[in-house]
Each structure stands twice: as structure tokens, then as C-alpha cells.
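Listed below, chain by chain, are the residues.
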Amino acid sequence: MSAQELELPADDARDGKPKRQHPSRGMYVLPSLFTAGNIALGYYAITQSVQGSAADPAYFDRAALAIGFAVLCDGVDGRIARMTNTTSDFGKELDSLADVITFGVAPSLLAYIWGFRMLPTSVHADLRDSVIHAGVFVCFLFLICGASRLARFNISINPQPRNPGRPGHKYFVGMPIPAGAGVIAAVVHCFDGSPIYDPWTALVWLALLLFTGFLMVSSWRFWSGKEIGTSDRHPFQFVALIALIGALIAWKSEYMLMVIALGYLVSGVLARLAYSWSRARRHAHPPGPTGS
């Protein structure tokens, strides 16, 4: 029987080496299915946002939950692609396009309609108009910052943040766009989709959107979490922690998702401040000369 009939390359047959196993074509579809689900959730979030109103805020809440589930799908598809060795250029491009829709267009539209468009016309009419106009610009700015963050991520090779962290740990340079979308979704869900009615509260919402957009295009470090699951030293503790977090989210999702989203945002800010403080301290107290 020939090497071709054995489905072995001729060189491998002569050398007696076993054929290197390659993933089947069907396996390459698996990560793309999660990416397609990501796009579907983003589209669903858009349709729910445009149907929302002050009389029926449940639409806004469903849009926020759809974005939250999309964040989970986004993390799963990349991990599955790495585990099954089915990463491809097509998958990377499709994932980036999905992120622009689900974590850029959908949350920016939700942020605008929920936070600005629903302001009542009978209260502070002049301030309301100014806040709405500013909201259009800021929500578009959030979208541009997220798209720029994705473009920078796609062309960067081993990017390093300005404030490096612990050696051996992997970090994102700038806040990832799914986390930025998660901040918007968590805030909307925390209020059960009930839109903002006070223009002064809308100004706080405006500031949060601006700051989140800035963090996405910044060069500050954010924990990537890619080392999770790579160590088998404490598998039981890891599974127990995930189960505990999942139970808490199922019990009080409004508060837990808010804590997780804003906690991640604050972690990047604290890491930057800690690095700046330590660097200023080193410059103020340089190490003395060594030797006798």
C-alpha cells in the first residue's frame, strides 16, 4: 500500500514519523458560530433599543442583557479557536467586524436613546436640547474610539502598555471594546432599563461615556485574563470561584454586573495611578551608590 493510500506524506512514510493531525474543516466553523451568535446578539440589542420607551423600559433592559451575553460569546470563540488550533485570518476579520457591530454600534445607540433621547421635554428644555446634542456627539465618539481600539489591536505585534505590569502576565493595551460595551450594558441593566429623566444625571452619563472612550484608546494596561485556565495547580479552586461568581450574578445580576464592569474600569485607572506614583517615588529617591 502506498503512502498516498495511507494518507501520509511520502517523507513521513519514509521517516516512519506519524502524520501530524490537523483540525478538520468542520472544526474551523465552530469558533465562527460563536462569532455569528455575537453578531446576532448585537443586532437583537439594536432592535430592542429602537423599540424602547419610557413607558416600556424592558426593551432597554433586554438590549443591555444581549450585549452582556455577547461579551461572553466573544470570550468563548477566541478561547475555542486557540484550544482547537483553528485560528485563521478569516476568523480574526469576522471577529473584528462583529465587535464593531455588537460592542460599538449597539451600545452607542443604546447609550444615546436610554441616556439622552428619553429626557422629558417639560423639564429644563434648553438644557435638554444641549445635552441631547452633546449626547449624539459623545456616543459617536465612543463608537470611533472602540473601532480605533480594534484597528490598533489588529495591527499591533506584541504591544506593551506604558505602565508595564508583573512579568509573565498578559495585559491589554487600552481597555478592550467588549469591556467598554459592558460598562454601558451594566449601568442600563442596573436600573432595569428605566431611562434617565434628569438632564443633570445625563451629564454624569455623558462624562462616563467620555471617560470609557478615552480608556479604550489609551495605552494604559488592563488585565487580559488569558492566563486563566492555563495552570492546573488549583483546578478545584478555579471551578469553585467561577461557580460562585455565576451564582451571585444569577442572584443579583443588576448589582454584580455593575460591580464587575466598573471594577474592571477602575482597575486600569488604579494600575496607572500606582505606576505613576511608584515612578515619581523612584525619581524623588534614587538608589544610592553601591560599594564600600
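Residues numbered from 1 in each chain as written. Predicted model: local features only at pLDDT ≥ 70, side-chain atom pairs only at ≥ 80, totals over all residues. Heavy atoms only, no water.

Peer 1: So what exactly am I meant to see when it comes to helix α3 (residues 58-83) here?
Peer 2: Note on helix geometry: an α-helix contains 3.6 residues per turn, so any two residues three or four positions apart are oriented the same way. Under the 1.5 Å per step criterion, the end-to-end length of α3 is 38 Å for 26 residues, consistent within 8% with the ideal 38 Å. Taken residue by residue, α3 has F60, D61, A63, A64, A66, I67, A70, C73, D74, D77, I80 and A81 as its buried positions. The positive-phi residue at the C-terminal boundary of α3 is N85, with phi of around 60°. (Helix = DSSP H or I, 4+ residues; strand = E, 2+ residues; numbered from the N terminus. Expected span 1.5 Å × (residues − 1). Buried < 20%, exposed > 50% of the residue type's maximum accessible area, 1.4 Å probe, protein only.)

Peer 1: In this structure, what is going on with the side chain of D99? I would like to understand it.
Peer 2: Assignment of secondary structure puts D99 in helix α4 (residues 89-117). For the buried residue D99, which engages in no salt bridge, the nearest side chain bearing the opposite charge is R149, 8.4 Å off. Contact partners of D99, with chain neighbours within four places excluded, come to N38, D74, G104, L150 and I177. (Lys, Arg positive; Asp, Glu negative; His and termini not counted. Salt bridge = Lys/Arg side-chain N within 4 Å of Asp/Glu carboxyl O. Contact = heavy atoms within 4.5 Å.)

Peer 1: Looking at this model, I keep getting lost on the environment of T121. Mind explaining?
Peer 2: With respect to the helices, strands and loops of the structure, T121 is situated in the loop between α4 and α5 (125-155). Judged by its relative accessible area of 58%, T121 falls in the exposed class. Taking the C-alpha atoms as reference points, T121 and Y197, separated by 76 residues in sequence, lie 9.7 Å from one another.

Peer 1: Help me out: how do you make sense of unusual backbone geometry in this one?
Peer 2: Note on backbone geometry: most residues besides glycine have negative phi, and most peptide bonds are trans. With a phi close to 55°, D192 is a non-glycine residue in the positive phi region. Position of D192 among the secondary structure elements: in the loop between α6 (177-190) and α7 (199-217). Judged by relative accessible area, D192 falls into the partly exposed class, the value being 44%.

The quantities given are spatial measurements derived from coordinates; they are silent on function.
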